[in-house]
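Commentary on secondary and tertiary structure
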Amino acid sequence: VLKADTRDIFRPLTHQLEFALALVLLLTGAGTWMMRRQVRPLAAALDRRVTELATANAALEAGEARFRQVIEGAPNAMVMVDTSGRIVLVNSESERVFGYKREELLGQPVEVLIPERFRAAHPGHRSGFFADPNVRRMGSGRDLYGLRKDGTEVPVEIGLSLITTAGDLFVLASIADITDRKEAE
């Protein structure tokens, strides 16, 4: 009968496992150290980029707030439309001149502010402006009218400006109510 001590049988395997475990721990530690060394600069760069973006975002918000203050403080009605003719911005003077609340105008086609007899031609005029966008007075030599919510017409003068933001085009119309001047004539 051959008698073997199980410790003798498993001793080479135990040494191999101990060596493998030591090697794994060493590699894991080295890997962790290497990872930390690589991650730190990446984390610092990411932190700098987040700070840059936050600063740029704050500047953009401040610029937008200034733009809104200028539009809101304008003595004329200000109406901004996108390339499809949808109203995207109005000021409080627009509410006064046309009799609509701001929420009623936003998203509506600008033609809601144009008398019926001029409506059909307006999309073509708008397309023409976007094709050749120059700051200009609208309707030179003609009488222009806006349409109030109650259906009455208001004589107006309109100046157009192109606004470009992040690649999007908009038209900003400055609309002066010239009722008093027309009545004086």
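Refer to the structure above for everything that follows.
Throughout this document, residue positions are counted from 1 along each chain, in the order its sequence is written. This being a predicted model, a pLDDT of at least 70 is required before a residue's local features are given, and a value of 80 or more before pairs of side-chain atoms are given or counted; all residues contribute to the totals for chains, interfaces and linings. Note: side-chain values were computed over all heavy atoms of the structure, leaving out hydrogens and water.

Bringing the overall build of the protein into the picture now. Only DSSP runs of H or I with at least four residues qualify as helices, and only runs of E with at least two residues qualify as strands; both kinds are numbered from the N terminus onward. Along the protein, the regular secondary structure elements total six helices and six strands. Put simply, the protein runs from its N terminus to its C terminus through helices and strands in the order α-β-β-α-α-α-α-β-β-β-β-α. Here's how the labels work: a residue is buried when its accessible area is under 20% of the maximum for its type, exposed when over 50%, partly exposed in between, all with a 1.4 Å probe on protein chains only. Within the protein, buried positions represent 25% of all 185 residues. Every residue pair with non-hydrogen atoms within 4.5 Å of one another is taken to be in contact. Excluding contacts between residues fewer than 6 apart, the proportion of contacts in the protein whose partners are at least 24 apart in sequence is 42%.

Here the focus is a nonpolar patch on the surface. Taken together, the side chains of Phe19, Leu23, Leu26 and Leu27 define a hydrophobic patch exposed on the protein surface, amounting to about 440 Å² of accessible area. Inspection of the secondary structure assignment puts leucine 26 in helix α1 (residues 6-73). Given a relative accessible area of 56%, leucine 26 falls into the exposed group. Like charges within 9 Å and nonpolar side chains (Val, Leu, Ile, Met, Phe, Trp, Tyr) within 5 Å are joined into patches, using only residues over 30% in relative accessible area that form no salt bridge. Note on areas: Shrake-Rupley, 1.4 Å probe, and residue coverage restricted to the protein chains presented here. Salt bridges, as used here, are contacts in which a Lys or Arg side-chain nitrogen is within 4 Å of a carboxyl oxygen on Asp or Glu.

A few words on the pattern of salt bridges. Any two side chains of opposite charge can pair, so long as their charged atoms come close to each other. By the definition in use, this model includes 12 salt bridges. Salt-bridge contacts for glutamate 52 lead to arginine 49; the nearest nitrogen and oxygen are separated by 3.2 Å. Linking glutamate 52 with arginine 49, this pair stays in helix α1, spanning three residues, or about one helical turn. With relative accessibility at 44%, the residue glutamate 52 sits in the partly exposed group.

Turning to the pairing of strand β2 (residues 87-90), a few remarks are in order. Successive side chains on a regular strand alternate, one facing one side of the sheet and the next facing the other. Taken together, the three bridges between strand β1 (residues 77-82) and β2 define a ladder with antiparallel strand orientation. Within β2, the residue paired with methionine 80 across the bridge is leucine 89. Strands qualify as paired when DSSP identifies two bridges or more between them. Counting the residues between successive antiparallel strands, the hairpin from β1 to β2 contains four residues, one of them, glycine 85, with a positive phi of roughly 90°.

Within this scheme a cavity is a closed region of a 1 Å grid, computed over the protein atoms alone, that accommodates a 1.4 Å probe without allowing it to escape, whereas a pocket is open but has protein on both sides within 12 Å along at least five of seven lines; lining residues each have an atom within 4 Å of a point. Grid points are joined across faces, edges and corners, and a volume is the space filled by probe spheres set on the points. Each pocket or cavity is described by its volume, and for the second largest pocket that value is around 380 Å³. Along the wall of the second largest pocket there are 16 residues; nearest its centre are Glu64, Phe67, Arg68, Met80 and Leu89. The set of elements that each furnish at least two residues to the lining of the second largest pocket consists of α1, β2 and β5 (153-165). Ranked by residues supplied to the lining of the second largest pocket, first place goes to α1 with seven residues. Gly is placed with the polar residues, together with every amino acid not listed as nonpolar (Ala, Val, Leu, Ile, Met, Phe, Trp, Tyr, Cys and Pro) or charged (Asp, Glu, Lys and Arg). Of the residues belonging to the lining of the second largest pocket, the class tally is 10 nonpolar, two polar and four charged.

Counting 21 residues, the largest nonpolar core has Val79, Ile87, Phe98, Leu113, Ile158 and Ile175 as its most contacted members. Contributions of two or more residues to this core are made by β1, β2, α2 (92-98), α5 (122-131), β5 and β6 (168-177). At four residues, β5 tops the list of elements feeding residues into this core. Contact partners of phenylalanine 98, with chain neighbours within four places excluded, come to Ala77, Leu113, Gly146, Leu147, Arg148, Lys149, Val154 and Ile175. Counting eight residues, the second-largest nonpolar core is a separate cluster that includes Ala74, Met78, Met80 and Phe170. Throughout this description, the term nonpolar core refers to a set of buried Ala, Val, Leu, Ile, Met, Phe, Trp, Tyr and Cys residues connected via side-chain atoms within 4.5 Å.

What follows concerns the pairing of β1. With six of its six residues buried, β1 lies for the most part within the structure. Of the two faces of β1, the one holding Ala77, Val79 and Val81 and the one holding Met78, Met80 and Asp82 are both buried throughout. Where β1 lies against β6, six bridges are found, and the strand directions are antiparallel. Of the residues in β6, the one forming a bridge with valine 79 is alanine 173.

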